[in-house]
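Next come the chains, spelled out residue by residue.
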Amino acid sequence: MDYASYLSPEILAFIAETDSFYPPGVPVDDVEGQRAVYNRMCAHFHAGRPEGLAVEDTQIAGVPVRIYGTGDKTILFAHGGGFVLGGLESHDDTCAEIAHRTRMRLVAIDYRLSPEHLHPAAYEDITAVAEALGPVVLVGDSAGGTLCATLTGTRPDLPILGQVLIYPMLGMQRSGGSFDTHAHAPMLTTADLEFYGSVRGGDPEDPRLVPAKGRLDDLPPTHLFPCECDPLCSDAEAFATRTGAQVTVQMGLVHGWLRARNVNDHASGSFTQIIDAISAFGG
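All of the points below concern the structure found in this document. Everything quoted here is computed from the prediction, not taken from an experiment.

**Comments concerning the overall build of the protein**
Then comes step 1: Secondary structure summary: the protein contains ten helices and ten strands in total.
Then comes step 2: Taking 19 Å as the expected radius of gyration for a compact globule of 283 residues, we find that the protein reaches 17 Å, a close match to that expectation.
Then comes step 3: Principal-axis analysis of the C-alpha atoms places the extent of the protein at approximately 45 × 45 × 35 Å.
Then comes step 4: With 283 residues in all, the protein has 57% of them scored as buried.
Then comes step 5: Excluding contacts between residues fewer than 6 apart, the proportion of contacts in the protein whose partners are at least 24 apart in sequence is 72%.
Then comes step 6: Of the accessible surface of the protein, which amounts to about 11,300 Å², a share of 50% is contributed by carbon and sulfur atoms.

Right under this line is the structure:
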């Protein structure tokens, strides 16, 4: 696809600004190098926190978390980054804005990353926190969305009110469709997906690793927000067909567009759709 002529000028500028933090010569398998670049890039796009929002760093069930807001209902948020990148700082402003706009308490989990901590470390962390919190709305982007979906697919006994998954990898489809059309999309390629999948470890038949292997007939209400120009788009659509999840494809957007929510009207509107979906579960 000719992304230069298809995507809006604002999204193209966002992609170029993001790419400017990735100098040539940092290989995808240089984990520390990738983390340093990713952290600088996320810090650059940090939009600040709403004034007066309560924020606390603590631990729940021995897992580091950051708590935003004081609402009666709770969001459990898992960040993206391919299970290799990211943490409490990378998604700090996104979490703060979600908590502020939904008027719900948000608990962001700093789950253990690969390759230092192989599967099922991240799954064990989110499970422990979910067990301790009680009723929650699960929200995650990218790898965080995958992690949320593995939890709901393996632990139907947990009091999960619903889940909102933003451009996740779900394991329903690994070729064809968007995997071919957008194999070389900006922000995420199929080669990136292969690398991130290889470093996490685990059995591809393990439902704690791959959501598609879970108990898909027992899922809580689920909203999927894949983006069009992303190899993972068809995967989410296939998951929705199998599970009855509500899927809203964000047209003209790329993987990682959450960081563009304040610089593009279309991304801003898409973020409002996500806020509305989360708020509906907390009502």
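**Some words on the pairing of strand β1 (residues 55-60)**
Then comes step 1: For β1 and strand β2 (residues 63-68), the ladder comprises six bridges, and the chain directions are antiparallel. Bridging across to β2, Asp57 finds its partner in Arg66.

**Here's the deal with the nonpolar core**
Then comes step 1: Ranked by internal contacts, the top residues of the largest apolar core, which has 47 residues, are Ile98, Leu106, Val139, Val164, Trp257, Ile274 and Ile278.
Then comes step 2: No other element matches helix α10 (residues 265-282), which puts seven residues into this core.
Then comes step 3: Apart from residues no more than four positions distant in its own chain, Ile274 is found in contact with Val164, Ile166, Phe225, Trp257 and Leu258.

**Section: the packing of helix α4 (residues 92-102) against α10**
Then comes step 1: At a closest axis distance of 10 Å, the pairing of α4 and α10 adopts a crossing angle of 55 degrees. With respect to α10, the axis of α4 lies oblique. For the pair α4 and α10, the crossing hand works out as right-handed. In this structure, α4 contributes Thr94, Glu97, Ile98, Arg101 and Thr102 to the contact, and α10 contributes Phe271, Thr272, Ile275, Ile278 and Ser279.
Then comes step 2: Classifying every residue of the contact of α4 with α10 by side-chain character gives four nonpolar, four polar and two charged.

The rules we used
- Residues numbered from 1 in each chain as written.
- Predicted model: local features only at pLDDT ≥ 70, side-chain atom pairs only at ≥ 80, totals over all residues.
- Heavy atoms only, no water.
- Helix = DSSP H or I, 4+ residues; strand = E, 2+ residues; numbered from the N terminus.
- Rg over C-alpha atoms; globule rule 2.2 N^0.38 Å.
- Buried < 20%, exposed > 50% of the residue type's maximum accessible area, 1.4 Å probe, protein only.
- Contact = heavy atoms within 4.5 Å.
- Areas by Shrake-Rupley, 256 points an atom, 1.4 Å probe, with all protein chains shown as cover.
- Pairing = 2+ DSSP bridges.
- Core = buried A, V, L, I, M, F, W, Y, C linked by side-chain atoms within 4.5 Å.
- Axes fitted to C-alpha atoms, helices over the stretch in contact; angles between N-to-C directions.
- Parallel < 35°, antiparallel > 145°, perpendicular 65-115°, else oblique.
- Left-handed = near helix turned anticlockwise from the far one by under 90°.
- Nonpolar A, V, L, I, M, F, W, Y, C, P; charged D, E, K, R; others polar.

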